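# Overview (structure and organization)
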Amino acid sequence: MSFLMEEKEIMTALEALTARKGFIHVVAYFAFFYEFMGNDAEHLPTRNGIMLLLGLMAKHPIDTRLPSVFESEEMKEEALELLHRLTHIHGLMMNELRVNYPEDYMMRAEYYVVPIFYNPPGVFDLQYIDFAPKRYQKDDAWLLEHKGFESADMAELEKFFTFFLSPSRKRFLKRLERLNAQNIQTLTFLPAFTFNKKELGKRFSKAQVERILNLFDAFALDMNRGTYNAEFDSINVKNALLETPILKVGQDYFIFDFFTLFEALYTRPFDWMIADNTYRNEAALHRGRFTESMLNRAFSNVFGRENVYQNVEIIGRDDVGNDVDLGEIDLLVLWEGRAIVVQAKSQRLTDKARLGDEKSFKRDFFRAVQKSYQQGVSCYQHLTSVRNRLQIAGEPLEIPAIDEVYLVCAVSDYFPTLSSLAEVFLRVEEGDLYPSLVSDLFFVDFLCEVIESPEQFFAYMDQRASFEGKLYQPHELYFLAAFMAGVTEALLETPTDSPLLFETSGVELTQRFYQRYAKAGRIPDYFLE
């Protein structure tokens, strides 16, 4: 039996399991320990497993009746065994690709399907919920007309969910301590993930409740109307729960993974807007401006606003002395004879590419990174020529002499395994400037929050460039954690023919990053535990 057939066999068994009475309570159990207990629940499914179970559950009507303790334990054990087998099969599938294509397996889109599915995301939940209202602020009129809510309602959800999690966590932990033979029969974690109009009314005004319910409906699979995900039988097939992570049953909304909802808030509205031919151009313009403004905010945090310039035009002269537009730098950072040229793109890894479609995968990378890099190299070449001048919105920009240029390529959406993809797919012409950093907006935001000075920023860029062709990382965060821990310089002296994989913990950096939100009173204390 082939690995693909074994995968489908396991998925079929999982689907049958998720259709049983009360399986939603098993998912709630898994989700509670993952959401609230974190690393203390290592033997239980992580986010990808929970979302896979939910995707399969949506293929059938959901029976919310509480199972017996025996039935519940039986379903838990079977789900864990099947998920473990699935993980094993996916590992064998990757090994098979390495054996069958030893020279170029990393050039094949199908090789990245498993890492994209299993690797932890390189975005913090608070970044998504922080950025989403800012990203769509200019689109409020469209959102209100077509979906019945505004960007401000996304911001209200941030307050609701982050502070809701803390009392829920404490309440359930206290209940666990009081367990005895009398009440264990009725124990369920489902209420921790159940929301409805009555509960929202305790926190919001009547008008706000209506808008938030409209928001929930926009991101929900309404199980009252039927079933979904009919084709979902493999991780190579799209799971609708990743775009619409709320399940509506009766008048209740079940939200088992807040991160996936926050991610959908950030990504999904743009898909709605570009489907509207009368609005798509304006939506794209707003998205581009948002990306540039957020990058500006990040770099200004390190270098100061007075040293960061946005939308810098490079003007040259043709043979007869006429002005010629040579290019535009999305963001230019100047610091003591050094310049950072930042080129931003809004292309993300599309669904087809995530699922292993070769053409889509390479097209998405070209649009997101290769074009950005080529534009950056062109701007670098023109920037260092004394024949050209700079301007912003028609106003001249005088800059000091530049001794060194760093190139940063940034995308506005999270792009899975981007650091590794850049090592493999980026085409760099001989003699061209090699990019100091290829990453997404979220990492740049994180980097500029934890870096302590411009000098440390450039030290990071220099060491990162030194690992050209030597690095395989699920995400740039791993290298940053290693750099901040002071272990990268020694590794440069280590002779090896294999790509280096850093496993340094980033817990300390994460806590430092969360301080930004804690100081603003936007998160409860447990985020810093």
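For clarity, every value in this text was computed on a predicted model and none was experimentally measured.

What counts, and where the lines are drawn
Per-chain numbering applies: the sequence of each chain, read as written, is numbered from 1 onward. Given that this is a predicted model, residues contribute local features only at a pLDDT of at least 70 and side-chain atom pairs are listed and counted only at 80 or more, while totals for whole chains, interfaces and linings are drawn from all residues. Note that water and hydrogens are dropped before the side-chain values are worked out from all heavy atoms of the structure. By salt bridge we mean one thing: a side-chain nitrogen of Lys or Arg within 4 Å of a carboxyl oxygen of Asp or Glu. Per the convention used, a helix needs a DSSP run of H or I reaching at least four residues, while a strand needs a run of E reaching at least two, with both numbered from the N terminus. Remark: exposure states derive from per-residue accessible area (1.4 Å probe, protein chains only) relative to the maximum for the residue type, with buried under 20%, exposed over 50%, and partly exposed in between. In plain words, nonpolar cores are sets of buried Ala, Val, Leu, Ile, Met, Phe, Trp, Tyr and Cys residues tied together by side-chain atoms within 4.5 Å. A contact between two residues is defined here by any heavy atoms of the two lying within 4.5 Å. A cavity here means a set of 1 Å grid points, computed over protein atoms only, where a 1.4 Å probe fits but cannot escape. A pocket is an open set with protein on both sides within 12 Å along at least 5 of 7 lines, and lining residues have an atom within 4 Å of a point. Grid points are joined across faces, edges and corners, and a volume is the space filled by probe spheres set on the points. To define axes, lines are fitted to C-alpha atoms, for helices over the stretch in contact only, and angles between the resulting N-to-C directions are given on a 0 to 180 degree scale. An angle counts as roughly parallel when it lies under 35 degrees, as roughly antiparallel when it exceeds 145, as roughly perpendicular when it falls between 65 and 115, and as oblique in every other case. Each residue gets one of three labels, nonpolar for Ala, Val, Leu, Ile, Met, Phe, Trp, Tyr, Cys and Pro, charged for Asp, Glu, Lys and Arg, and polar for the others, Gly among them. Strands pair, by our definition, only if DSSP identifies at least two bridges between them.

## Thoughts on the pattern of salt bridges
Evaluation of the coordinates by the stated rule reveals 30 salt bridges. Taking the shortest distance from any N to any O, the salt bridge between glutamate 210 and lysine 197 comes out at 3.2 Å. Linking glutamate 210 in helix H10 (residues 206-218) with lysine 197 in helix H9 (residues 197-201), this pair joins segments that are 13 residues apart in sequence. A residue is classified by how much of its surface remains accessible, and lysine 197, at 49% relative accessible area, is partly exposed. In the salt-bridge network here, residues are joined through shared partners; they are Lys238, Glu243, Arg268, Asp271, Arg348 and Asp351.

## Side note on the nonpolar core
As a rule of thumb, nonpolar side chains are buried together in soluble globular proteins. Counting 165 residues, the largest nonpolar core has Phe216 and Phe299 as its most contacted members. Ranked by residues supplied to this core, first place goes to helix H2 (residues 23-37) with eleven residues. Once residues within four sequence positions are removed from consideration, phenylalanine 299 is found in contact with Gly304, Val308, Leu331, Val333, Ile340, Val342, Val444, Cys448 and Phe457.

## Describing empty space enclosed by the protein
Unfilled space is identified by rolling a water-sized probe across the atoms. Scanning the entire structure with this criterion turns up four cavities of 30 Å³ or more. Its boundaries defined by the atoms lining it, the largest cavity holds a volume of some 100 Å³. The wall of the largest cavity is formed by 13 residues, among which Glu423, Tyr434, Pro435, Val438 and Arg464 lie closest to the centre. Breaking the lining of the largest cavity down by element, the ones donating at least two residues are helix H15 (418-425), strand S11 (437-440) and helix H17 (454-466). A per-element tally of the lining of the largest cavity places H15 first, with three residues.

## Regarding the packing of helix H16 (residues 441-450) against H17
Where H16 meets H17, the axes come as close as 9 Å, and the angle between the chain directions of the two elements is 130°. In this view, H16 runs oblique relative to H17, as classed from their interaxial angle. Contacts from Phe443, Leu447, Cys448 and Val450 of H16 reach H17 at Gln456, Phe457, Tyr460 and Met461. By residue class, the composition of the contact of H16 with H17 is seven nonpolar, one polar and no charged.

## Notes on helix H18 (residues 476-484)
Taken together, the buried positions of H18 are occupied by Glu476, Phe479, Leu480, Ala481, Ala482 and Phe483. Where H18 ends, the next residue or the one after it, glycine 486, has phi of about 80°, a positive value.

## Digging into the sheet that holds strand S1 (residues 194-195)
Pairing is mixed across the open sheet formed by four strands, whose spatial order is S1-S4-S3-S2. Either end of the sheet is taken by a strand with one partner, and the two such strands are S1 and strand S2 (220-222). Bridge count for strand S3 (residues 246-249) against strand S4 (residues 252-255) is four bridges, and the pairing is antiparallel. Residue pairing for S4: leucine 247 is matched across the bridge by phenylalanine 254.

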